[in-house]
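What follows is the residue order along each chain.
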Amino acid sequence: MTFKPMLEEYVTLSVTKCKEMGFFKQGAACSGSVRWRNRDGNETASIGFITDLRNVPFARLVYEYNGLTQDYVIPLRRKQSNLNPANGFYLFVCRVTGLSCRKLYLVNGRFVSRRAFRALYEKQTFSRTEKQGVYK
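The notes below deal with the structure included here. Keep in mind that this is a model prediction, so the values were computed, not measured.

## Thoughts on the packing of aromatic side chains
Okay, so step 1: Evaluated as defined, the whole model comprises 4 aromatic pairs.
Okay, so step 2: Taken together, a centroid distance of 4.5 Å and an interplanar angle of 45 degrees make the contact between F23 and F49 tilted. Placement of the pair is F23 in the loop between α1 (15-20) and β2 (29-37) and F49 in strand β3 (residues 43-52), with a sequence separation of 26 residues.
Okay, so step 3: Here a set of aromatic residues connected by ring pairs shows up, and it is made of F24, Y90 and F92.
Okay, so step 4: Positioned above the aromatic ring of Y72, the side-chain terminus of R95 is 4.3 Å from the ring centre.

Structure (structure tokens):
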């Protein structure tokens, strides 16, 4: 039996954080870096991040994985807001599944949606009685 890490243990990239950091500006190109820190405050990973929302929207990630420089392009898909049709938001398009998603996980050097690999959130492994004790 092989051990599969919980989803909480992966480096993640979320649409929400990218938007907060100013990477999703309609009709513009933006660049910067994204850094991840562990609970002790030490940097665990960083990437160069570029978005271009002028014509065909995409995000481009440049990072190192196992000593090799990775240049990874992720398509973005615009979705209309159900509250205000004039407004919309962007979602990542997983390059493995082709599905839209709000969060990507770094798995084997690629950023993919959680449907592209088998992993669970820790909460999903709890029994019913464990859930009742934890969430009271």
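## Some thoughts on the sheet that holds β2
Pairing between the strands of a sheet comes from backbone hydrogen bonds, and it takes one of two forms, parallel or antiparallel.
Okay, so step 1: Spatially, the 6 strands line up as an open sheet ordered β2-β3-β4-β5-β6-β7, and their pairing is antiparallel. On the outer flanks of this sheet lie β2 and β7 (100-101), each paired with one strand and no other.
Okay, so step 2: Pairing of β2 with β3, which is carried by 9 bridges, proceeds in the antiparallel orientation. Opposite R35, over in β3, you have S46 as the bridge partner.

What counts and how
- Residues numbered from 1 in each chain as written.
- Predicted model: local features only at pLDDT ≥ 70, side-chain atom pairs only at ≥ 80, totals over all residues.
- Heavy atoms only, no water.
- Phe/Tyr/Trp six-rings, centres within 6.5 Å; stacked < 30°, edge-to-face > 60°.
- Helix = DSSP H or I, 4+ residues; strand = E, 2+ residues; numbered from the N terminus.
- Lys NZ or Arg CZ within 6 Å of the ring centre and 35° of its normal.
- Pairing = 2+ DSSP bridges.

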